[in-house]
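Structural overview for review
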Amino acid sequence: MEYIDNLPAMDLMRSEKMTFVQLIIPVESAHRAISYLGELGLLQFRDLNADKSPFQRTFVNQVKRCAEMSRKLRFFKDQIIKAGLIISGHPAMQPNPELEELETQLAEHEHELIEMNSNSEKLRHTYNELLEFKMVLQKAGGFLVPSKGSVAAEERELDENVYSNDDYAETASLLEQEMRGMPDKSGVRFISGIISKSRILRFERMLFRATRGNMLFNQAAADEHIKDPTSSEMVEKMVFVVFFSGEQARMKILKICEAFGANCYPVPEEISRQRQITREVLSRLSELEATLDAGIRHRNKALTDIAFHLTKWMNMVRREKAVYDTLNMLNFDVTKKCLVGEGWCPIFAKVQIQEALQRATFDSNSQVGIIFHPLDAVESPPTYFRTNHFTNAFQEIVDAYGVARYQEANPAVFTVITFPFLFAVMFGDWGHGICLLLLALFLIARESRLASQKLGSFMEMLFGGRYVVLLMSLFSIYCGLIYNEFFSVPFHIFGGSAYKCRDATCSDSQTAGLVKFRDPYPFGVDPSWRGSRSELPFLNSLKMKMSILLGIAQMNLGIILSYFNARFFGSSLDIRYQFVPQMIFLNSLFGYLSLLIIIKWCTGSQADLYHVMIYMFLSPMEDLGENQLFWGQRPFQILLLLLAVIAVPWMLFPKPFILKKLHIERFQGRTYGVLRSSEIDVGAELDSARQHDEEFNFSEIFIHQLIHSIEFVLGAVSNTASYLRLWALSLAHSELSTVFYEKVLLLAWGYDNLAIRLVGLAVFAFATAFILLMMETLSAFLHALRLHWVEFQSKFYHGDGYKFRPFSFAALTDDGD
């Protein structure tokens, strides 16, 4: 044991040793000190103001300012994206502006942008009105003048491209006169306007009902689409003219137009006046187009300047907000003009933190240094594992079950190998393994490019687990070579088969008559088993026994890790009354079954292991007969059975009673010891003893031990049976591959028709990609996950710790705004 204790510590086996520290920071160097610690990212601050609301904290105004700047930057980002511009990710190397200077710049830019947007919106609204008026003039004129042949029709046509600028001054007031409304006239009157095409049917129906059919409704599609200023989408419009009679009908129609969002425009009946107004409208449209284009160019130029610095500004504001949020977690001592903070840091990082604090003191020209010293903590430290790109995904698999308790054995060390291996046992096919390997190599080759991109949820998960996929594919190739399956097809990779046919008919049917004539196949399953009568019984027996061996080995590993946990934490009770009886119980029953499997494989015996294990419990004294595998097996089985029976109360009873005895002795000793102390200490110690006595609940501890013992005894059976999923999924994967190969690909290839062959090949490729490579991969992954979480980790892993989350600028994201 001394040799084991003297071995160097294994990376990732135990979490980093942590220390609880206190910082006393002068006010003048507080901001710079927290900034340097954020760049270092190795100190987790504790919130000393948890009882205060966010509005009662010291730096609430600074946080509000940063939040307001973040809002402005998000507004700029939305405007840049809306304008179709590109945000520069690498601005020129320029010194960062001060926070106050940046705040002033952002306020100026926001005011300028809001003013430009407001002016642009007004101009766009006027432009849309003039454009609608132009289309109403074009379409409504045809409804107003009666048809007098082609000559009259040509006379009414309006020239949109050619008009006289000389007439503009004389007719400048005509548009204003028409917009102010037409004089009331007796007889039939009309209202013309324009409405969205999606509302035209409901609009016409409502007009018909409101006027009781006393109206004439004409409509025509507008030649151009109108751009909606709010949504920036092009809207299809319809021009309408409603003929009616009476002032009451006019008021109803106007109200309906207003309700449906229809814009009404006056159209004169005379063709000459229509021409004059059209010229004026076209002139104004031309001017507005030029003004709008100039405004857009000016706005895009301003947005381009902002986009050049936007990334730098957003990072700066995000950091400043994080610094002030962290400062709000510190206690502000008004009398001493300093901030007091507490937190956790790894022991190896103490020197780096002290250097950063010294640098902050020097850079801020503070006369008083920052005090950094360790404290004793009552609460358990956080758990921190230093991982890299390779081990991070496996650590995340373990953490998804529960974060390791501080300094307990980390399952991720073994999960790196056991997880992809158990996956491969269920997914064993070296053809499918090669497909997974190509995917993993692609993700690894594009690692630097994909890491800087925003991926979807599925792709992000797949990219994060690229090294898991790599190991799963390599182990799948290895297990596929053992099973001798390449898309379910066996190959003579490692030499010839050990069997040959007894007669000529054997080569055709492959059902009987195989004779062994040479040494066994050197690696994996002999390819001659494929297609033989005994293929399924042989592979079932092989994979089932292999699953039991792998399961017992992994569960034993879990129990052994509980021993190392107990040794590390100095708990001899857990070693004597938990580890020892658990090892005895598991291996007396299922370890013995594994031994029988190995002996049967080595000796070639025909013993029925089902019969041996069943009658080991039902009739332990009965003679084994032909099922005996070794000398002295019956008394050995009786001994193992007795040990298994003894192990159950061994696990259940001693530990709770010993804990009770130790508790009584400990606190009786403390109570007697205080008689030699002062009177004040007597009261304090007695209160402490009474408090601890109330905390110790024997019935609760006994029930917990009872549940734990029953769970282990029943779990030893159920968990061993659970490992048979390795056999079941491996068999299902193999049979599915065989079905797709024989019933799809070979069946299609039997036809002398290229189209049928191509269809068969396409169906086979689709089934292989989506069923075998996607669904089966996900199924095997989830089953391997369950075996690690339940069957393996439940033997030693508590998983009730909490992660080390240091204050780090690198961990800040856009969502943090």
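Located above this text is the structure these notes cover.
Calculation criteria
Residues numbered from 1 in each chain as written. Predicted model: local features only at pLDDT ≥ 70, side-chain atom pairs only at ≥ 80, totals over all residues. Heavy atoms only, no water. 1 Å grid on protein atoms, 1.4 Å probe; cavity = no way out; pocket = protein on both sides within 12 Å on 5 of 7 lines; lining within 4 Å. Points joined across faces, edges and corners; volume = space filled by probe spheres on them. Nonpolar A, V, L, I, M, F, W, Y, C, P; charged D, E, K, R; others polar. Pairing = 2+ DSSP bridges. Helix = DSSP H or I, 4+ residues; strand = E, 2+ residues; numbered from the N terminus. Contact = heavy atoms within 4.5 Å. Axes fitted to C-alpha atoms, helices over the stretch in contact; angles between N-to-C directions. Expected span 1.5 Å × (residues − 1). Buried < 20%, exposed > 50% of the residue type's maximum accessible area, 1.4 Å probe, protein only. Patch = residues over 30% accessible without salt bridge, like charges linked within 9 Å, V, L, I, M, F, W, Y side chains within 5 Å. Areas by Shrake-Rupley, 256 points an atom, 1.4 Å probe, with all protein chains shown as cover. Salt bridge = Lys/Arg side-chain N within 4 Å of Asp/Glu carboxyl O. Phe/Tyr/Trp six-rings, centres within 6.5 Å; stacked < 30°, edge-to-face > 60°. Lys NZ or Arg CZ within 6 Å of the ring centre and 35° of its normal.

This part takes up empty space enclosed by the protein. Enumeration over the complete set of coordinates arrives at three cavities of 30 Å³ or more. Estimated volume of the largest cavity: approximately 80 Å³. Taken together, the residues of the lining of the largest cavity break down into six nonpolar, one polar and four charged.

Here the focus is the sheet that holds strand β8 (residues 263–264). As summarised here, the arrangement of the four strands in space is β4-β7-β3-β8, forming an open sheet in which the pairing is antiparallel. The outermost strands of the open sheet, each flanked by one partner alone, are β4 (216–221) and β8. As defined by bridge partners, strand β3 (residues 188–196) adjoins β8 across two bridges and the pair is classed as antiparallel. Its bridge partner being in β8, Gly-193 is matched across the sheet by Cys-264. Helix α7 (residues 200–210) contacts β3, β4 and β7 (237–245) of the sheet and is inclined by roughly 170° relative to β4. The sheet contacts of helix α8 (residues 247–259) involve β3, β7 and β8, and relative to β7 the element is tilted by about 160°.

Before going further, it helps to spend a moment on helix α16 (residues 466–483). Look at α16: 25 Å from first C-alpha to last across 18 residues, which is about the 26 Å you get at 1.5 Å a residue. Counting buried positions over the 18 residues of α16 gives 14, a clear majority of the element. Positive backbone phi, at 60°, marks Asn-484, one or two positions downstream of α16.

Together, Tyr-610, Ile-614, Tyr-615, Phe-617 and Leu-618 give the surface a local cluster of nonpolar side chains, amounting to about 560 Å² of exposed area. Locating Ile-614 in the fold gives a position in helix α20 (residues 609–618).

According to the stated counting rule, one finds 39 aromatic pairs in the structure shown. For the pair Trp-430 and Phe-486, a centre-to-centre distance of 4.4 Å together with 45° between the ring planes defines the contact as tilted. Of this pair, Trp-430 sits in helix α13 (residues 430–445) while Phe-486 sits in the loop between α16 and β12 (499–501), and the two are 56 residues apart along the sequence. Exposure remark for Trp-430: the relative accessible area of 18% places this residue in the buried category. Seen from the ring of Phe-698, Lys-660 lies directly overhead, with NZ or CZ sitting 4.9 Å from the centre. For the cation-ring pair, Arg-757 lies above Trp-749, with the distance from its terminal atom to the ring centre recorded as 5.2 Å.

The subject of this paragraph is unusual backbone geometry. Although it is not a glycine, Arg-212 adopts a positive phi angle of roughly 55°. Of note, Arg-212 is situated in the loop between α7 and β4. Under the relative-accessibility criterion, Arg-212 is labelled exposed at 77%. Positioned with a positive phi, Asn-365 is a non-glycine residue whose angle comes to about 55°. With respect to the secondary-structure elements, Asn-365 resides in the loop between α10 (350–363) and β11 (371–375).

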